[in-house]
Structures are given as C-alpha cells and as structure tokens.
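Fold and contact review
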Amino acid sequence: MKPRPSTRIRSLGSYAFAEVDRKVEELKVRGAAPIDFGVGDPSIPTPDRIRRACKEGVDRYASAGYPSYVGSADFRKAVAGWTARRFGVELDPDREICSNIGAKEAVFHFAECYIDPGDVGL
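So, here is what we can say about the structure in this document. (Residues numbered from 1 in each chain as written. Predicted model: local features only at pLDDT ≥ 70, side-chain atom pairs only at ≥ 80, totals over all residues. Heavy atoms only, no water.)

Here's the deal with the pattern of salt bridges
Applied cut-off: The term salt bridge refers to a side-chain nitrogen of Lys or Arg lying within 4 Å of a carboxyl oxygen of Asp or Glu. By definition, any uninterrupted DSSP run of H or I lasting at least four residues is a helix, any uninterrupted run of E lasting at least two residues is a strand, and each is numbered from the N terminus.
Applying the stated rule across the entire model yields eight salt bridges. The shortest N-O distance in the salt bridge between Lys28 and Glu25 comes to 3.8 Å. Residue Lys28 and its partner Glu25 are located together in helix α2 (residues 16-29), separated by three residues, close to a single helical turn.

Listed below in structure tokens is the structure:
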C-alpha cells in the first residue's frame, strides 16, 4: 500500500505564493503585464550598513541557540520603539508583538488565525 499524507495535510491548500506565481504566469501568457505582488525578490543590493549589522549579529550570537518562538525581549522592545517612532503607535512588547518567519508568512497566517470559512474580512 502506498503511503498517503494525513487528512490534516491533505486539507491544506496550496502555498499562497505558488498560486500568485501561477496566476502571474497565466496572465503573461495571455499577453497581460500584471503587477506582481508575489514574493518580492530584491532587485538591488542590500545596503552596506544592513549587511554589516547582520554580520555583527551573527558574530555576537554565534552560539546563542534558537530564539524564543515569540522573539527575544530585546527584539520585541526594539520593534515597539521603532513602531512608536515611525507611526506614533505604542505597543506592549510583552503582549502585542511577536516574531515570525517572514512578512508573507505573517500576512497569510494572520487570516488563518482570525478568519473562518464563510467569514468576510474587511
């Protein structure tokens, strides 16, 4: 008997950005020039200051282990500070900020957490 994926896995839809890529290609074949809101691969080099900061972070935390699943307290405090400076919004880093594995994952997982089949999101 050939093994098959679990019911839970079979119930998952396709990866959202794979669907976006498929739709973009379908539109291109039809001669359209769609605005691609897909993954967003960078087309310019990452600025030097950001690359240096990443290198310093790798050296500083070379053997720090895995981070907390909600993000370190320092990270969450830094996000709260940036949000306050940039948008004038005060957030509690202990209750209102968590890390994620990437912006596109956060966008799609948010809906999975708060919108049920049949709900209308506005």
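Some words on the packing of aromatic side chains
Heads up, the rule is: Stacked, tilted and edge-to-face are the three classes applied to pairs of Phe, Tyr and Trp rings, where Trp contributes its six-membered ring and a pair requires centres within 6.5 Å; stacked means planes under 30 degrees apart, edge-to-face means over 60, and tilted covers the rest. Only protein chains enter the accessibility calculation, which uses a 1.4 Å probe. A residue is then buried if its area is under 20% of the maximum for its type, exposed if over 50%, and partly exposed in between.
One pass over the full model with this rule turns up one aromatic pair. Centre to centre, the rings of Trp82 and Phe87 are 5.5 Å apart; their planes meet at 85 degrees, and the pair counts as edge-to-face. You can call Trp82 partly exposed: its relative accessible area is 41%.

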